Amino acid sequence: MKIIVLSRSSWNEPHRIRQQLAKLIAEKYQIIYATPRADLGTGAQQRNITFKNFPFIEKYSSVPLVSIVNAFFIWIYLNFQKDGVVVINFLPELVWVPKKIKRVISVINDDFSS
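Residues numbered from 1 in each chain as written. Predicted model: local features only at pLDDT ≥ 70, side-chain atom pairs only at ≥ 80, totals over all residues. Heavy atoms only, no water.

### Notes on the environment of Pro-36
Among the structural elements, Pro-36 can be located in the loop between strand 2 (30-35) and strand 3 (49-53). By relative accessible area, which is 19% here, Pro-36 ends up buried. For Pro-36 and Glu-58, which are 22 residues apart along the polypeptide, the C-alpha to C-alpha distance reads 7.7 Å. Leave out the neighbours within four places in its chain, and Pro-36 touches Ser-7, Arg-8, Asn-53, Phe-54, Phe-56 and Glu-58. (Helix = DSSP H or I, 4+ residues; strand = E, 2+ residues; numbered from the N terminus. Buried < 20%, exposed > 50% of the residue type's maximum accessible area, 1.4 Å probe, protein only. Contact = heavy atoms within 4.5 Å.)

Pasting the structure below:
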């Protein structure tokens, strides 16, 4: 089973729930850590974790129209995934999920360092 973790944070930011969760789940499953940050995997070689960039307008993401465009980008990214994917979502923009994605876990407000 493949698990996609959608995050705005780079892997190199101070450790948050999303990184800790990805490391724990990676012990048994293949993880794709998807983020718009260009530095997402620098120096972070993790077993069973693949780092992936996806298109996202981060600078003005609080503007409603930009948020809708971002949600559309995420929807396109998820629509090209195979069946049986589990999505762990840390993005408030994810409002539309393709019908073939049956399992989505959304976690909002984990922006606290441990």
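### Structural notes on helix 2 (residues 64-79)
The periodicity of an α-helix, 3.6 residues per turn, causes residues three or four places apart in sequence to face the same way. If you check helix 2, its first and last C-alpha atoms are 22 Å apart, about what 16 residues at 1.5 Å a residue would give, namely 22 Å. Within helix 2, the full set of buried residues consists of Val-66, Asn-70, Ala-71, Ile-74, Tyr-77 and Leu-78. Viewed along the axis of helix 2, the buried residues span an arc of 140°, placing them on a single side of the element. Each element contacted by the buried residues of helix 2 is listed here: strand 1 (2-6), strand 2, strand 3 and strand 4 (86-89). (Expected span 1.5 Å × (residues − 1). Arc of directions from axis to C-beta.)

### Some thoughts on a nonpolar patch on the surface
A cluster of nonpolar residues, Ile-57, Tyr-60, Val-63 and Leu-65, forms a patch on the protein surface that exposes about 380 Å² of accessible area. Relative to the elements of secondary structure, Ile-57 occurs in the loop between strand 3 and helix 2. (Patch = residues over 30% accessible without salt bridge, like charges linked within 9 Å, V, L, I, M, F, W, Y side chains within 5 Å. Areas by Shrake-Rupley, 256 points an atom, 1.4 Å probe, with all protein chains shown as cover. Salt bridge = Lys/Arg side-chain N within 4 Å of Asp/Glu carboxyl O.)

### So, the sheet that holds strand 3
Reading across the sheet, the 5 strands line up as 3-2-1-4-5 and stay open at both edges, with parallel pairing between neighbours. Among the strands making up the open sheet, the edge pair consists of strand 3 and strand 5 (103-106). Averaged over all neighbouring strand pairs, the angle between strand axes comes to 20°, with direction disregarded. Here strand 4 runs beside strand 5; their pairing, made up of 4 bridges, is parallel. Paired with Ile-88 across the bridge in strand 5 is Ile-105. Sheet strands in contact with helix 1 (residues 17-25) are strand 1, strand 2, strand 3 and strand 4, and its direction is about 160° off that of strand 2. Helix 2 rests against strand 1, strand 2, strand 3 and strand 4 of the sheet, and its axis sits at about 170° to strand 1. (Pairing = 2+ DSSP bridges. Axes fitted to C-alpha atoms, helices over the stretch in contact; angles between N-to-C directions.)

### A short note on the packing of aromatic side chains
Applying the stated criterion to the full structure yields 4 aromatic pairs. Aromatic pair Trp-11 and Tyr-33: ring centres 5.0 Å apart, planes at 90°, arrangement edge-to-face. Of this pair, Trp-11 sits in the loop between strand 1 and helix 1 while Tyr-33 sits in strand 2; the two residues are 22 residues apart in sequence, bridging distant segments of the chain. Relative accessible area serves as the criterion here: at 4%, Trp-11 is assigned to the buried category. Measuring from centroid to centroid gives 6.3 Å for Phe-72 and Trp-75, while their planes differ by 15°, and the two rings are stacked. Of this pair, Phe-72 and Trp-75 both sit in helix 2, 3 residues apart, which is roughly one turn of the helix. (Phe/Tyr/Trp six-rings, centres within 6.5 Å; stacked < 30°, edge-to-face > 60°.)

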